[in-house]
Amino acid sequence: MLGIESSCDETSAAVIQGRTVLSNVIANQLLIHRKYGGVVPELASRAHQQKIVPVVEEALTLANITKNQLSGVAFTRGPGLMGALLVGVSFAKSFALALDIPLLEVNHMQGHVLAHFLKKPGEHKAVPSFPFLCLTVSGGHTQIVRVDDPLEMRVIGETQDDAAGEAFDKAAKLLGLPYPGGPLIDQHAAKGDPDSFKFPHPRIPGLDYSFSGLKTAFLYFLRDQEKHHPSFKQERLDDICASLQQSIVTILLEKLVLASRETGIRGIAIAGGVSANSGLRKALQFTGEREGWQVFIPPFEYCTDNAAMIACGGSFLFEAGRFTGLETAPLARMPF
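Because the structure is a prediction, the values reported are computed rather than measured.

As for the sheet that holds strand E6 (residues 132-137)
Phase 1: Taken in spatial order, the five strands line up as E8-E7-E6-E9-E10 in an open sheet, and their pairing is mixed. Each edge of the open sheet is held by one strand with a lone partner, namely strand E8 (152-158) and strand E10 (294-296). This sheet shows a mean twist of 25° between the axes of neighbouring strands, independent of strand direction.
Phase 2: Looking at chain direction, strand E9 (residues 267-271) and E10 are connected through three bridges and run parallel. Paired with alanine 269 across the two strands is phenylalanine 296, which belongs to E10.
Phase 3: Sitting on the sheet, helix H9 (residues 237-263) is in contact with E6, strand E7 (142-149), E8 and E9, with an inclination near 160° to E6.

As structure tokens, this is what we get:
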């Protein structure tokens, strides 16, 4: 199975056999977007056009197969940046048509969830049993997903405004950290005291999240501190990052605990770019021991956007015979 991922600023292609990853090639665009402080959609689309063919070629080479040995082509249909998605969708449709093999459309966020079923050649590892809950956390999404089957998932809680990853990125920008700032906050937090400062926690009913209030509170916190200490950010950067990270992680896990208790499900997974955050990974392990969970944390290479997870989603669709026609088009917003 060939997987194609182009939803944002990574051009990725992967080849899997069953759930075994034979290759997973990722070309990022960090140098293109860094000077703008974020992803520029038009530039991302152009970079995908330049990289899609060589990336696919490298994925096939590393997997030691020819294109004629492929059984299907899986691609990200959405959600994501429309121009970026269009490149991957168009390539996948053309490639599948030329080879006369099935085409399989994958929801990007479902791909993140299914990354837990990927394995390396010769690897034997535990995978989640159904049903399980998955906290999917990224720059654009924060959701608690109930997974009853590889193809049957339901969002039972999600952010009502901003995503957790967006809160990290906005805070990093306010602190003067370069793009992408989320991983830098994690690095500084490891050296700071998480109890130095307290930030408000939203009171959202049910299993939903909100991070817009935290972003605003953080903005005013820095403004007020710098009135009295102009070099406050530089002098207390590690403590600020540690305190903010602890607040975001606590908000995420409080609702995850509530979801587990309400559903009675004790198999708990995390996925998405923010699942690479060391504070979240450690806190999830600690919470899992306290709550009696079976915890599943993805390898770092499958946290950020990658085509292996899309190929994995495609493999489940292939087995179910759920193929896609050539009339398919990308969706910037694509519900589960």
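Moving on, there is more to tell.
Regarding the pattern of salt bridges
Phase 1: Under the criterion given, the structure shown has 13 salt bridges.
Phase 2: Salt-bridge contacts for arginine 19 lead to glutamate 319; the nearest nitrogen and oxygen are separated by 3.0 Å. In this pair, arginine 19 is assigned in the loop between strand E2 (10-17) and strand E3 (20-28) and glutamate 319 in helix H11 (residues 307-320), connecting sequence segments 300 residues apart.
Phase 3: Residue classification places glutamate 319 among the exposed positions, given a relative accessible area of 54%.
Phase 4: One salt bridge in this structure joins glutamate 226 and lysine 233, with 3.8 Å as the shortest N-O distance.
Phase 5: The exposure class of glutamate 226 is partly exposed, given its relative accessible area of 27%.
Phase 6: Judged by its relative accessible area of 15%, lysine 233 falls in the buried class.
Phase 7: Shared partners join several salt bridges into a network, and the residues in it are Asp162, Glu166 and Lys215.

Notes on the sheet that holds strand E4 (residues 73-78)
Phase 1: What the five strands build is an open sheet, ordered E3-E2-E1-E4-E5; its pairing is mixed. Of all the strands in the sheet, just E3 and strand E5 (103-107) have a single pairing partner and so form its edges. The average angle at which neighbouring strand axes cross in this sheet is 20°, direction not considered.
Phase 2: Note: strand E1 (residues 2-5) against E4, three bridges, orientation parallel. Following the sheet pairing, isoleucine 4 is matched in E4 by phenylalanine 75.
Phase 3: Of the strands in this sheet, E1, E2 and E3 are in contact with helix H2 (residues 41-63), which crosses E2 at around 25°.

Side note on the packing of aromatic side chains
Phase 1: Within the structure shown, the criterion is met by 13 aromatic pairs.
Phase 2: When the centroid spacing of 5.7 Å and the interplanar angle of 15° are considered together, the rings of phenylalanine 117 and phenylalanine 130 count as stacked. Linking phenylalanine 117 in the loop between helix H4 (108-114) and E6 with phenylalanine 130 in the loop between H4 and E6, this pair joins segments that are 13 residues apart in sequence.
Phase 3: A centroid spacing of 6.3 Å and a plane angle of 55° characterise the contact between phenylalanine 117 and phenylalanine 132, whose relative ring orientation is tilted.

Basis of the calculations
- Residues numbered from 1 in each chain as written.
- Predicted model: local features only at pLDDT ≥ 70, side-chain atom pairs only at ≥ 80, totals over all residues.
- Heavy atoms only, no water.
- Pairing = 2+ DSSP bridges.
- Helix = DSSP H or I, 4+ residues; strand = E, 2+ residues; numbered from the N terminus.
- Axes fitted to C-alpha atoms, helices over the stretch in contact; angles between N-to-C directions.
- Contact = heavy atoms within 4.5 Å.
- Salt bridge = Lys/Arg side-chain N within 4 Å of Asp/Glu carboxyl O.
- Buried < 20%, exposed > 50% of the residue type's maximum accessible area, 1.4 Å probe, protein only.
- Phe/Tyr/Trp six-rings, centres within 6.5 Å; stacked < 30°, edge-to-face > 60°.

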